[in-house]
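One letter stands for each residue in the lines below.
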Amino acid sequence: GTDALRLAMLAAGIGAGDEVITQANTYVATVYAIDSVGAKPVLVDVDEETMMIDVDAVRKAITGRTEAIVPVHLYGMAANMEALCVLAREHGLVVIEDASQAHGATFQGRHVGSFGDLAGFSFYPGKNLGCFGDGGAVTTNDEKYIEHLHMLRNLGQKVKYYHEIKVWNCRLDTLQAV
């Protein structure tokens, strides 16, 4: 999940000097992913009734340096994705859903991970859907991110043995991917 979020942020062009808004009751891995790309995590409060990110708190936290909102779907519960996506569009922000603890959760009949520009899922063994070790996935419906994500997870390669960018190996091995 951590690598999935980091790769999603890199694909979205988030980096040094940028701010990324997320909720204060998230697991530290969300904040680590933001920090790992050089961005500044901006923590906001949660809605008292849902315990999900508070849309009004997000609105108040947006600055000229804000590049993304990372709502965290927790315990099978979903953030108010309709309101967050409208807010993000109004400000030209990327929405990266942290769906690491919400496999199968829905908001208004639609699965989490399908609302934002990108989403990160975790397959850590203790999660709702685990593999036999660490693992995760990034989802997107936006073609502009797909090719870049493929390169980011595969040592910067579009073509085997031709490395266009300096990155990491973030592929799942075959056993985990099954």
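Scroll up to find the structure this text is about.
Residues numbered from 1 in each chain as written. Predicted model: local features only at pLDDT ≥ 70, side-chain atom pairs only at ≥ 80, totals over all residues. Heavy atoms only, no water.

What follows concerns the overall build of the chain. On a plain count of helices and strands, the chain comes out with six helices and ten strands. When burial is assessed residue by residue, the chain has 47% of its 178 residues classed as buried. When contacts within the chain are restricted to residue pairs at least 6 apart in sequence, long-range pairs at least 24 apart make up 51% of them. Carbon and sulfur atoms provide 51% of the accessible area of the chain, an area that totals close to 9500 Å². (Helix = DSSP H or I, 4+ residues; strand = E, 2+ residues; numbered from the N terminus. Buried < 20%, exposed > 50% of the residue type's maximum accessible area, 1.4 Å probe, protein only. Contact = heavy atoms within 4.5 Å. Areas by Shrake-Rupley, 256 points an atom, 1.4 Å probe, with all protein chains shown as cover.)

Now for the packing of aromatic side chains. For the coordinates displayed, the defined rule picks out one aromatic pair. Consider the rings of Phe107 and Phe115, whose centres lie 5.9 Å apart with planes at 70°: the pair is edge-to-face. (Phe/Tyr/Trp six-rings, centres within 6.5 Å; stacked < 30°, edge-to-face > 60°.)

On to the sheet that holds strand S8 (residues 136–139). Pairing is mixed across the open sheet formed by six strands, whose spatial order is S2-S1-S3-S4-S7-S8. At either margin of the open sheet sits one strand with a lone partner, and together these are strand S2 (40–44) and S8. Strand-to-strand twist of the sheet, defined as the mean angle between neighbouring strand axes without regard to direction, takes the value 25°. Contacting strand S3 (66–70), strand S4 (94–98), strand S7 (118–122) and S8, helix H1 (residues 2–11) runs over the sheet at an angle of about 170° to S4. Relative to S4, helix H4 (residues 81–91) is tilted by about 150°, and along the sheet it contacts S3 and S4. (Pairing = 2+ DSSP bridges. Axes fitted to C-alpha atoms, helices over the stretch in contact; angles between N-to-C directions.)

In this section: unusual backbone geometry. Here the phi dihedral of Met51 falls at roughly 65°; this positive angle occurs in a residue that is not glycine. Secondary-structure assignment places Met51 in the loop between S2 and helix H3 (55–61). With relative accessibility at 42%, the residue Met51 sits in the partly exposed group. A positive phi is found at Gln108, a non-glycine position, where the angle reads about 50°. Relative to the helices and strands, Gln108 resides in the loop between strand S5 (106–107) and strand S6 (110–111). Accessibility expressed as a relative area gives 61% for Gln108, which makes it exposed.

The biggest cluster of nonpolar side chains holds 30 residues, and the ones touching the most others in it are Ile21, Val44, Ile53, Val58, Ile69, Met81 and Leu84. Where this core is concerned, the elements lending two or more residues are S2, H3, H4 and S7. Beyond its immediate sequence surroundings of up to four residues, Ile21 is in contact with Val42, Val44, Val58, Ala61, Ile62, Thr66, Ala68, Ile69 and Val70. Within the second largest apolar cluster, 20 residues are counted, among which are Ile14, Val20, Ala68 and Ile96. (Core = buried A, V, L, I, M, F, W, Y, C linked by side-chain atoms within 4.5 Å.)

Okay, the packing of H1 against helix H2 (residues 28–36) next. Running from amino to carboxyl end, H1 crosses H2 at an angle of 35°, the nearest separation of the two axes being 9 Å. Where H1 crosses over H2, the handedness of that crossing is right-handed. Within the contact between the two elements, H1 uses Thr2, Leu5, Arg6 and Met9 and H2 uses Ala29, Thr30, Ala33, Ile34 and Ser36. By residue class, the composition of the contact of H1 with H2 is five nonpolar, three polar and one charged. (Left-handed = near helix turned anticlockwise from the far one by under 90°. Nonpolar A, V, L, I, M, F, W, Y, C, P; charged D, E, K, R; others polar.)

Attention now goes to a nonpolar patch on the surface. A cluster of nonpolar side chains, contributed by Tyr27, Val28 and Tyr32, occupies part of the molecular surface with about 340 Å² of accessible area. Tracing the backbone shows Tyr27 in the loop between strand S1 (19–23) and H2. With relative accessibility at 55%, the residue Tyr27 sits in the exposed group. (Patch = residues over 30% accessible without salt bridge, like charges linked within 9 Å, V, L, I, M, F, W, Y side chains within 5 Å. Salt bridge = Lys/Arg side-chain N within 4 Å of Asp/Glu carboxyl O.)

Another aspect to go through is helix H5 (residues 143–153). For H5, the full list of buried residues reads Tyr145, Leu149, Met151 and Leu152. With its buried residues spanning 160° around the axis, H5 presents them on a single face. In this structure, the buried residues of H5 make contact with H1, S4, S7, S8 and strand S9 (157–159). Near the N-terminus of H5, the side chain that reaches the backbone nitrogen of Lys144, with its oxygen 3.0 Å away, is that of Asp142. (Arc of directions from axis to C-beta. Polar contact = N/O pair within 3.5 Å; in protein donor to acceptor, adjacent residues only side chain to side chain.)

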